[in-house]
Amino acid sequence: MRFGYSERCLEHDTGERHPENPDRLRAIRRGLAKRHGVEYAEADPAVKAAITAVHDADYVDELESFVADGGGSWDPDTVASEGTWEAALTSAGLAQWAAREAVNGLTGRQTPFAIGRPPGHHAVTGDAMGFCFFNNAAVAAQTVLDEDLADRVAVFDWDVHHGNGTQDIFYDRDDVLYASIHEDGLYPDTGALDETGDGDGEGTTVNLPLAAGAGDADYLYAVDEAVAPAVERFDPDLLLVSAGFDAHRHDPISRMRVSSEGYALLTDRIRSLADDVGAADAYVLEGGYGLDTLAEGVSMVHETYDGRTPVDTDEEPDEKTETLVEDLRSELGL
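(A) Region of interest: the pattern of salt bridges. All told, the structure shown has 17 salt bridges when counted by the stated rule. Of the charged contacts in the structure, one is a salt bridge between arginine 117 and glutamate 20, with a shortest N-O distance of 2.8 Å. Taken together, the residues arginine 117 in the loop between β5 (112-114) and α5 (136-146) and glutamate 20 in the loop between β1 (2-4) and α1 (23-32) connect sequence positions 97 residues apart. For glutamate 20, a relative accessible area of 0% puts it in the buried group. Taking the shortest distance from any N to any O, the salt bridge between glutamate 183 and arginine 255 comes out at 2.7 Å. Of this pair, glutamate 183 sits in strand β7 (residues 176-183) while arginine 255 is found in the loop between β9 (238-243) and α8 (260-277), placing the two residues 72 residues apart along the sequence. Arginine 255 gets classed as exposed once you look at its relative accessible area, which sits at 54%. A network of salt bridges, in which partner residues are shared, links Arg35, Glu261, Glu296, Glu303 and Arg308.

(B) Quick peek at the side chain of glutamine 142. Structurally, the position occupied by glutamine 142 is in helix α5. By relative accessible area, which is 9% here, glutamine 142 ends up buried. In terms of polar contacts, glutamine 142 uses its side chain to reach the side chain of arginine 173, at 2.9 Å. The contact partners of glutamine 142, leaving out residues within four places of it in the chain, are Ala53, Val54, Phe170 and Arg173.

(C) Here's a closer look at α8. Look at α8: 26 Å from first C-alpha to last across 18 residues, which is about the 26 Å you get at 1.5 Å a residue. Of all the positions in α8, only Ser260, Glu261, Gly262, Tyr263, Ala264, Leu265, Leu266, Thr267, Ile270, Leu273, Ala274 and Val277 are classed as buried. Buried residues along α8 sit in contact with β6 (153-157), α7 (216-234), β9, β10 (280-285) and α9 (291-305). Where α8 ends, the next residue or the one after it, glycine 278, has phi of about 70°, a positive value.

(D) View of the pairing of β6. Most of β6 is tucked away, with five of its five residues classed as buried. Burial along β6 is two-sided: the residues Val153, Val155 and Asp157 and Ala154 and Phe156 are all buried. When β6 meets β7, the two strands line up parallel, connected through five bridges. If you follow aspartate 157 over to β7, its bridge partner there is serine 180.

(E) Seen up close, the packing of aromatic side chains. Enumeration according to the criterion identifies 14 aromatic pairs in this entry. Aromatic side chains phenylalanine 66 and tryptophan 74 sit 5.2 Å apart centroid to centroid with 90° between the ring planes, which places their arrangement in the edge-to-face category. On the basis of relative accessibility, which here comes to 19%, the residue tryptophan 74 falls in the buried class. Taken together through their ring pairs, the aromatic side chains of Phe3, Tyr5, Tyr40, Phe113, Phe156, Trp158, Phe245, Tyr263, Tyr283 and Tyr305 make up a single cluster. Here the basic side chain of arginine 29 rests over the ring of tyrosine 40, its NZ or CZ set 4.0 Å away from the ring centre.

(F) Up close: the packing of α1 against α9. One can describe the packing of α1 onto α9 by two numbers: an axis separation of 8 Å at closest approach and a directional angle of 50°. Here α9 runs oblique to α1, going by the angle between their axes. The handedness of the crossing between α1 and α9 is right-handed. Each of Asp23, Arg24, Ala27, Ile28, Gly31 and Leu32 in α1 lies in contact with α9, whose residues at this interface are Leu291, Leu294, Ala295, Val298, Ser299 and His302. For the contact of α1 with α9, the class distribution of residues is seven nonpolar, three polar and two charged.

(G) Local environment of the sheet that holds β9. If you trace the eight strands from one edge of the open sheet to the other, you get β2-β1-β5-β10-β9-β6-β7-β8, paired in parallel fashion. Where the open sheet ends on each side, the last strands, each with one partner, are β2 (39-41) and β8 (205-210). Strand-to-strand twist in this sheet, taken as the mean axis angle between neighbours without regard to direction, amounts to 20°. In the packing of α1 onto the sheet, contacts are made with β1, β2 and β10, and the angle to β10 comes to roughly 130°.

(H) The arrangement of unusual backbone geometry in detail. The amide bond that connects arginine 117 to the next residue, proline 118, takes the cis arrangement and shows omega of 5°. Along the polypeptide, proline 118 turns up in the loop between β5 and α5. In the segment running from tyrosine 187 into proline 188, the intervening peptide bond is cis, with an omega of 0°. Topologically, proline 188 is positioned in the loop between β7 and β8. Look at aspartate 148: it is not a glycine, yet its phi comes out positive at around 55°. As for its placement among the helices and strands, aspartate 148 is situated in the loop between α5 and β6. Of the residues examined, aspartate 148 reaches a relative accessible area of 69% and is grouped as exposed. A positive phi is found at aspartate 189, a non-glycine position, where the angle reads about 60°.

How each quantity is defined
Residues numbered from 1 in each chain as written. Predicted model: local features only at pLDDT ≥ 70, side-chain atom pairs only at ≥ 80, totals over all residues. Heavy atoms only, no water. Salt bridge = Lys/Arg side-chain N within 4 Å of Asp/Glu carboxyl O. Helix = DSSP H or I, 4+ residues; strand = E, 2+ residues; numbered from the N terminus. Buried < 20%, exposed > 50% of the residue type's maximum accessible area, 1.4 Å probe, protein only. Polar contact = N/O pair within 3.5 Å; in protein donor to acceptor, adjacent residues only side chain to side chain. Contact = heavy atoms within 4.5 Å. Expected span 1.5 Å × (residues − 1). Pairing = 2+ DSSP bridges. Phe/Tyr/Trp six-rings, centres within 6.5 Å; stacked < 30°, edge-to-face > 60°. Lys NZ or Arg CZ within 6 Å of the ring centre and 35° of its normal. Axes fitted to C-alpha atoms, helices over the stretch in contact; angles between N-to-C directions. Parallel < 35°, antiparallel > 145°, perpendicular 65-115°, else oblique. Left-handed = near helix turned anticlockwise from the far one by under 90°. Nonpolar A, V, L, I, M, F, W, Y, C, P; charged D, E, K, R; others polar.

Here it is as structure tokens:
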């Protein structure tokens, strides 16, 4: 794969013991150093107009001033430092790079993956939250739409937390599909099955809040039976993955049981789905707070695109997952 990366993202200093810290990117780089075929690319930071295309201008100005004054705790979870403004613009710019490169033909072993930080999917239209300041995936999706590089974008979020910000930004839109598989009841406690969009966006939000303990078979079943049919019906030009790795069975802040091989299997499903609908595909880093499991998860995505065939699971999905998927299919008319 071709990874978008910038040292500027290391300048976002969250302090000691914060789970979202620069060591996350260092761990990913160390893990990828052991893999074949890894390439890196720099990207320009997003310009302010690209950010305000999805965020309120007053919020963006307030954040810029907050950081210029030295930063601090925006909320109990979300910390800014003097380097946060440039890091956040760069992280959004890397996501833009990934989306543009994908729709312009970067594919196969060159498929783009933006490994920036801070992450983005919790950032709502007018606020930062959940370690996130700018919604990187939303900025990327809006960019390719505004630049007439795509007419429709699907965002699939496999982070263990619901991407409330991405949902919030596109909830009443018919040109962006947002689909999420997340742990039920976990922060920020959004993403109920019946949240399916509003107005022109009715039916373009797809939420699968799986029960704690869900593993590889549950995730694959949810993709095969719900996410894939929704994406196929939507028929996007770009399939953008909000790739968090905190559903890993050894991640310290979740109770899900996805294995490293499970991420390879999910990647293979997404790659095949993009091929089936004729969409470009790209990845944007979200969460993942066990350094070893984060590095392994990103490496599994890379190795899958580099030609390694994932080993299928012998597990079966839980009945609760099957019932949830059936209910969602009924809700969406799939």
